[in-house]
Amino acid sequence: TGNIEVSAAKFINYTIPMRICILLHEYSHKYKNPKIGLEIGNEIGADINALYIYLGLGFSKIDAITVFGKVFLKAQTPQNQQRLKKILDYIKKFENQEFAKVN
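Description of the structure in this document.

**Concerning the packing of helix H2 (residues 16-31) against helix H4 (residues 61-73)**
Working note: a packed helix pair is described by the angle between its axes plus the distance between those axes. Direction vectors running N to C along H2 and H4 enclose 65 degrees, while the axes themselves pass 9 Å from each other. Taken as axis vectors, H2 and H4 run roughly perpendicular relative to one another. Between H2 and H4 lies a crossing whose hand is right-handed. On H4, the residues that touch Pro 17, Met 18, Cys 21, Ile 22 and His 25 of H2 are Asp 63, Ala 64, Thr 66, Val 67, Phe 68 and Lys 70. Here the residues of the contact of H2 with H4 are counted per class, giving 7 nonpolar, 2 polar and 2 charged.

**A look at the packing of aromatic side chains**
Taken as a whole and assessed by the stated rule, the structure comprises 4 aromatic pairs. When the ring of Phe 68 is compared with that of Phe 72, the centres are 5.9 Å apart and the planes differ by 35 degrees; the resulting orientation is tilted. With Phe 68 and Phe 72 both in helix H4 and 4 residues apart, this pair spans about one turn of that helix. Each member of the pair, Phe 68 together with Phe 72, is buried. Both rings, one in Tyr 90 and one in Phe 94, keep their centres 6.1 Å apart while their planes meet at 45 degrees; by these two values the pair is tilted. Of this pair, Tyr 90 and Phe 94 both sit in helix H5 (residues 78-95), 4 residues apart, which is roughly one turn of that helix. A relative accessible area of 6% means that Tyr 90 is categorised as buried. On the basis of relative accessible area, Phe 94 is assigned to the partly exposed category, the value being 26%.

What counts and how
- Residues numbered from 1 in each chain as written.
- Predicted model: local features only at pLDDT ≥ 70, side-chain atom pairs only at ≥ 80, totals over all residues.
- Heavy atoms only, no water.
- Axes fitted to C-alpha atoms, helices over the stretch in contact; angles between N-to-C directions.
- Helix = DSSP H or I, 4+ residues; strand = E, 2+ residues; numbered from the N terminus.
- Parallel < 35°, antiparallel > 145°, perpendicular 65-115°, else oblique.
- Left-handed = near helix turned anticlockwise from the far one by under 90°.
- Contact = heavy atoms within 4.5 Å.
- Nonpolar A, V, L, I, M, F, W, Y, C, P; charged D, E, K, R; others polar.
- Phe/Tyr/Trp six-rings, centres within 6.5 Å; stacked < 30°, edge-to-face > 60°.
- Buried < 20%, exposed > 50% of the residue type's maximum accessible area, 1.4 Å probe, protein only.

Set out below in structure tokens:
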């Protein structure tokens, strides 16, 4: 539907930039992934699209790394380890003004 629901009890523990990063990730599932040919459920696509917007707006990479790390710490799966590696790689490329691919 495009509606984003969050748990107020969990959300209150994040900084404003962290909240924006999470919301941009969820927004990217519905509105950005399909525009670049990815499935709505593609997590890495949503991660990278969110980071592109978030970092482009001038928000701190530290808050982005922290919020993804906190989320992944609760679910330490091989997929989340791969996602964190891609997130860190994308941030490095963004800082170096390189273009990074989602896949």
